[in-house]
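Residue-level structural notes
Next come the chains, spelled out residue by residue.
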4 protein chains.
Amino acid sequence: MFEELKERVCAANLRLVAEGLVVHTWGNASGLDSSRQCMVIKPSGVPYDCLTPDQMVVVSLDRGEVVEGNLKPSSDAPTHLVLYRAFKQIGGIVHTHSFYATAWAQARREIPALGTTHADYCHGPVPCTRLMTTGEIQTDYEANTGQVIIERFNQLDPAMCPGVLVASHGPFAWGTTVDEAVQHAIILEHLARLAVETLRLNPSAKPMQRALLKKHFFRKHGPGAYYGQK
Amino acid sequence: MFEELKERVCAANLRLVAEGLVVHTWGNASGLDSSRQCMVIKPSGVPYDCLTPDQMVVVSLDRGEVVEGNLKPSSDAPTHLVLYRAFKQIGGIVHTHSFYATAWAQARREIPALGTTHADYCHGPVPCTRLMTTGEIQTDYEANTGQVIIERFNQLDPAMCPGVLVASHGPFAWGTTVDEAVQHAIILEHLARLAVETLRLNPSAKPMQRALLKKHFFRKHGPGAYYGQK
Amino acid sequence: MFEELKERVCAANLRLVAEGLVVHTWGNASGLDSSRQCMVIKPSGVPYDCLTPDQMVVVSLDRGEVVEGNLKPSSDAPTHLVLYRAFKQIGGIVHTHSFYATAWAQARREIPALGTTHADYCHGPVPCTRLMTTGEIQTDYEANTGQVIIERFNQLDPAMCPGVLVASHGPFAWGTTVDEAVQHAIILEHLARLAVETLRLNPSAKPMQRALLKKHFFRKHGPGAYYGQK
Amino acid sequence: MFEELKERVCAANLRLVAEGLVVHTWGNASGLDSSRQCMVIKPSGVPYDCLTPDQMVVVSLDRGEVVEGNLKPSSDAPTHLVLYRAFKQIGGIVHTHSFYATAWAQARREIPALGTTHADYCHGPVPCTRLMTTGEIQTDYEANTGQVIIERFNQLDPAMCPGVLVASHGPFAWGTTVDEAVQHAIILEHLARLAVETLRLNPSAKPMQRALLKKHFFRKHGPGAYYGQK
């Protein structure tokens, strides 16, 4: 069971390396099997150069127990579970320590919407969580990482901003599938770098025009979209 | 018909990817068939890895109607049409979201002429358009993008500066052919990056000597050019 | 004798080039044979593209004499010897002039612990040595380079911070084996670059929460570690 | 005649492209045949992807006339000639518009000696010329480019600093052979980038200790050198 999803999750993890988003073993991708209420995720600390689909670990969404697989799941698995439970519309999650997105997370700044490249994917800034407290870190750290993300999205729609920066840590991205989550992780890194360079040229650069933000986002998303083929 | 131009336009689009100027589907190249008053352009939102010449879309220059092709043209097609109509001497246009040129566009700054690398191609700064208004964005957005470019070139000669930055958006480059437009997009990105690094070292760096700007531009262009072979 | 270690040290030196940490001949890796109290190190100034295991030089740990090999050892060999004698727990050393770590060394700044990527490997900042004096430079320069490193680690545990920046010079990294030392040199460069980008975005970025630093370091190291497989 | 030197000069030009120092046709390398008092140089504006040894142009050192070859020499040939005549110890010259060195040239700043990587090759800062005057630009521009370099080296030894930055333009590097000149152009670019990153971290970074500068330069150069094999 889960064979097809295991293959896609394994391929997604390998694509993160190929795209330069993951160095060493710093990153993980998971996909949701919503009919069976299970998550398929990369095992913890296994080198990418020998990663195979049958090493993927299946974890139950409700209890967080390993349902299938001989290896321990990624140590960030509890973060993924918390996000799947809260964001009903997502089916894939990616966590990386990619350079520019991680720099924004370490700088504890949200990524402002500075131009149309950003607006094509995010209807507003990419938010940054608050710092986690000592208590949240010492007990259930990984699950609490998910909680501060949910807290940050209290007034936001995860479908209108497919990623977040966890302060002092790094980015998480999501999508309706694990493949889309990978795509969003790639784009998030690109937007992070583009915003860095923009602020280098103009440290007081203002966010883009509100009308332009709406125009570009809804040109690609929602019922009025006209970008791409039918 | 248009077979040769379709092949060149398709190859031009693929070269943008190979040169690292286009990420995802963010970019498009078009070429003009001036005898038949038609533009050949990339289809909208089609992945680059399966792009073929027969997918290119032929659009009439006067009415902007699809003359040949089964796919929708690039959503930026109206911008290309406006530029071909206004800049009589050009035969190819390229739009990208390349990193450094887009950073300048997002910073809403023109790229100053800081050295001979720049002067070999642009006889002055690479200009940046004004911000588009809410009205211009909400109605005929893509055509109006072309209009603000033309407005910016009111006192400028497109043959002496083969590109522009659209504020909050990104660069457009052009040339006498689609191949030359690609070449200019590559060079524009290079100049953008070089200027960023220069300002990092010297935030108050002054434009180059006027005589040197003229010398290098006219060493390569116009009747007195002596660079290259006969 | 030493054949296996020579192969590993040669491969380690070549990996430094493949990973982009070494330009020209600027760098060297060594490994320790603790049972025979000898160090195997790269020869001095030999081009990497024709480096072979039998060119590696074996040097005695106590007297610093060549025990095996026809070539002169790396001119930095005395630095390596001083470190092996002082840091009993290490078995491999790597010295490079990698970009970002060298920039920190030239800027004479320690690399602060700004996020979890850093905390996974270093339990605190990556320290920078004091400037060497004219006397230390003119006499026994290479051995004194080792001495200022040891002086800097007076209150620090080399096992909790696998590298150092030598002011006006560049990084040294170490590990229990030469392979781990290479891995740490790669990670040190990554952390150096990540910290540069973070400070660009927020020049007054504060070190990460103390509890988070501990959490991430000890999630991977020591008796309570739970990252990775058993 | 000149066959061997033509091959080496052609290979040197191609290596500049492979090393990423030359974009488009912006760069040229030449070598000196001192016995015959001729320079072999790349032709002007010929694409690198079809460059062959027999296209190289032979120019007489004294009169600057084409002695062999069917193509026009590089438009920068007069600069090369002026340098060969003035710097008796050099046998190869390379000119590029490489990123970081050109950024320093455009910023009109010399590259300070900030660490041992620099000191291994340059016994002091890499100097930057003064701005050329309108008169110098309008008449004999390329020869005058050589003259401002010589003027800048009035009190300097070209053997102790194998390159220079021409203000508002870019770097020239040299060596005893064309291969060494290429090597120095590569290293100059590396040093330029390293210094940029250092100043980003510490805008008031001071030059390295004088004793360390001497130590590293003379560890590699001159009668007391002990780096490398005999």
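Look up: the structure comes first, before these words.
Everything in this summary refers to the structure shown in the same document.

Considerations on the relation of the copies chain A and chain B
Least-squares fitting of chain A to chain B yields an RMSD of 0.0 Å, with the transformation described by 0.0 Å of translation along the axis and a rotation of 90 degrees. The superposition of one copy onto the other is thereby described by a four-fold rotation axis. Distance from the rotation axis, computed per C-alpha, reaches its smallest value in chain A at Arg200 of chain A: 5.7 Å. When the interface residues of chain A are mapped onto chain B, a mere 6% of them again lie at the interface, so each copy presents a different face.

Regarding the relation of the copies chain A and chain C
Once turned by 90 degrees and shifted 0.0 Å along the axis, chain A lies on chain C with an RMSD of 0.0 Å. With a heterologous cut-off of 20% or less, the 6% of interface residues of chain A that recur at the interface of chain C puts this contact in the heterologous class.

Details of the interface of chain A and chain B
At the interface, 31 residues of chain A touch 34 residues of chain B. Buried area between chain A and chain B, both sides added, is near 3,100 Å², and the carbon and sulfur share of it is 54%. In this structure, Arg219 of chain A and Glu142 of chain B form a salt bridge, with 2.8 Å as the shortest nitrogen-oxygen distance. Viewed at the interface, chain B and chain A are joined by 20 residue pairs in polar contact (both at pLDDT 80 or more). Of all the secondary-structure elements, those providing two or more residues to the side of chain A that touches chain B are helix H4 (116-119), helix H7 (178-201) and helix H8 (210-220) of chain A. Considering only residue class, the side of chain A that touches chain B consists of 11 nonpolar, 11 polar and 9 charged.

So, the interface of chain A and chain C
Counting residues at the interface gives 34 residues for chain A, matched by 31 residues for chain C. Carbon and sulfur atoms make up 54% of the area that chain A and chain C hide from each other, which totals about 3,100 Å². At the junction of chain A and chain C, the tally comes to 3 salt bridges. Measuring nitrogen to oxygen at the nearest pair gives 3.6 Å for the salt bridge that ties Asp76 of chain A to Arg219 of chain C.

Examining helix H3 (residues 99-107) of chain C
Of all 9 residues making up H3 of chain C, 9 are buried, and the element is well covered by its neighbours. Restricting attention to buried positions, one finds in H3 of chain C the residues Phe99, Tyr100, Ala101, Thr102, Ala103, Trp104, Ala105, Gln106 and Ala107 of chain C. Buried residues along H3 of chain C sit in contact with strand E5 (92-96), strand E6 (163-166), strand E7 (170-175) and helix H7 (178-201) of chain C together with helix H4 (116-119) and helix H7 (178-201) of chain D.

So, the sheet that holds strand E1 (residues 27-33) of chain D
Residues and elements named next belong to chain D. Ordered in space as E4-E3-E2-E1-E5-E7-E6, the 7 strands form an open sheet in which the pairing is antiparallel. At either margin of the open sheet sits one strand with a lone partner, and together these are strand E4 (66-68) and strand E6 (163-166). On average, each strand axis in the sheet is tilted by 25 degrees relative to the strand beside it, whichever way the strands run. Across 4 bridges, E1 lies against strand E2 (residues 38-41) in antiparallel orientation. Bridge pairing in E2 links Asp33 to Cys38. Each of E1, E2, strand E3 (57-60), E4 and strand E5 (92-96) touches helix H1 (residues 3-18); the most contacted strand, E1, lies at about 155 degrees to it. Here H7 sits on the sheet in contact with E1, E5, E6 and strand E7 (170-175), set at roughly 140 degrees to E7.

Observations regarding the packing of aromatic side chains
Considering all chains together, one arrives at 24 aromatic pairs over all chains under this definition. Seen from their ring centres, Trp26 of chain A and Tyr121 of chain C are 5.8 Å apart, and the 55 degrees between their planes marks the pair as tilted. Residue Trp26 of chain A is found in the loop between helix H1 (3-18) and strand E1 (27-33), and its partner Tyr121 of chain C is found in the loop between helix H4 (116-119) and helix H5 (134-138); the two belong to separate chains. For the pair formed by Trp26 of chain A and Tyr121 of chain C, the shared burial category is buried. The interplanar angle of 55 degrees and the centroid separation of 5.6 Å between the aromatic rings of Phe87 of chain A and Phe153 of chain A together place this pair among those described as tilted. Of the two residues, Phe87 of chain A is situated in the loop between helix H2 (77-86) and strand E5 (92-96) and Phe153 of chain A in the loop between helix H6 (141-152) and strand E6 (163-166); the sequence distance between them amounts to 66 residues. Residue Phe87 of chain A shares its accessibility class with Phe153 of chain A, and that shared class is buried. Ring pairs connect the aromatic residues Phe87, Phe153 and Trp174 of chain A, which therefore count as one cluster. A cation over a ring is seen here: Lys220 of chain A above Tyr227 of chain A, with NZ or CZ 4.2 Å from the ring centre. In this arrangement the basic side chain of Arg36 of chain C is found over the ring face of Phe2 of chain C, its NZ or CZ atom lying 4.3 Å from the centre.

A closer look at the arrangement of the chains
With no contact formed, the shortest span from any C-alpha in chain B to any C-alpha in chain C equals 11 Å. The least C-alpha distance between chain A and chain D, which are not in contact, is 11 Å.

Digging into the state of the cysteines
Summed over all chains, the structure comprises 0 disulfides over all chains. Here Cys128 of chain A is not disulfide-linked; the sulfur of Cys161 of chain A is the nearest cysteine sulfur, at 12 Å. With no disulfide of its own, Cys38 of chain D lies 18 Å from the sulfur of Cys10 of chain D, the closest cysteine sulfur. What makes Cys38 of chain D buried here is its relative accessible area of 6%.

What about the sheet that holds strand E2 (residues 38-41) of chain B?
Residue and element names in this part refer to chain B. Spatially, the 7 strands line up as an open sheet ordered E4-E3-E2-E1-E5-E7-E6, and their pairing is antiparallel. Strands with a single pairing partner mark the edges of an open sheet, and in this sheet they are strand E4 (66-68) and strand E6 (163-166). Strand-to-strand, the axes of this sheet are offset by a mean angle of 25 degrees, without reference to chain direction. Looking at chain direction, E6 and strand E7 (residues 170-175) are connected through 4 bridges and run antiparallel. The partner of Val166 across the bridge, within E7, is Gly170.

Rules of the game
- Residues numbered from 1 in each chain as written.
- Chains lettered and ligands numbered in written order.
- Predicted model: local features only at pLDDT ≥ 70, side-chain atom pairs only at ≥ 80, totals over all residues.
- Heavy atoms only, no water.
- Least-squares fit on C-alpha atoms with pLDDT ≥ 70 in both.
- Contact = heavy atoms within 4.5 Å.
- Buried area = accessible area lost by both parts, 1.4 Å probe.
- Salt bridge = Lys/Arg side-chain N within 4 Å of Asp/Glu carboxyl O.
- Polar contact = N/O pair within 3.5 Å; in protein donor to acceptor, adjacent residues only side chain to side chain.
- Helix = DSSP H or I, 4+ residues; strand = E, 2+ residues; numbered from the N terminus.
- Nonpolar A, V, L, I, M, F, W, Y, C, P; charged D, E, K, R; others polar.
- Buried < 20%, exposed > 50% of the residue type's maximum accessible area, 1.4 Å probe, protein only.
- Pairing = 2+ DSSP bridges.
- Axes fitted to C-alpha atoms, helices over the stretch in contact; angles between N-to-C directions.
- Phe/Tyr/Trp six-rings, centres within 6.5 Å; stacked < 30°, edge-to-face > 60°.
- Lys NZ or Arg CZ within 6 Å of the ring centre and 35° of its normal.
- Disulfide = S-S within 2.5 Å.

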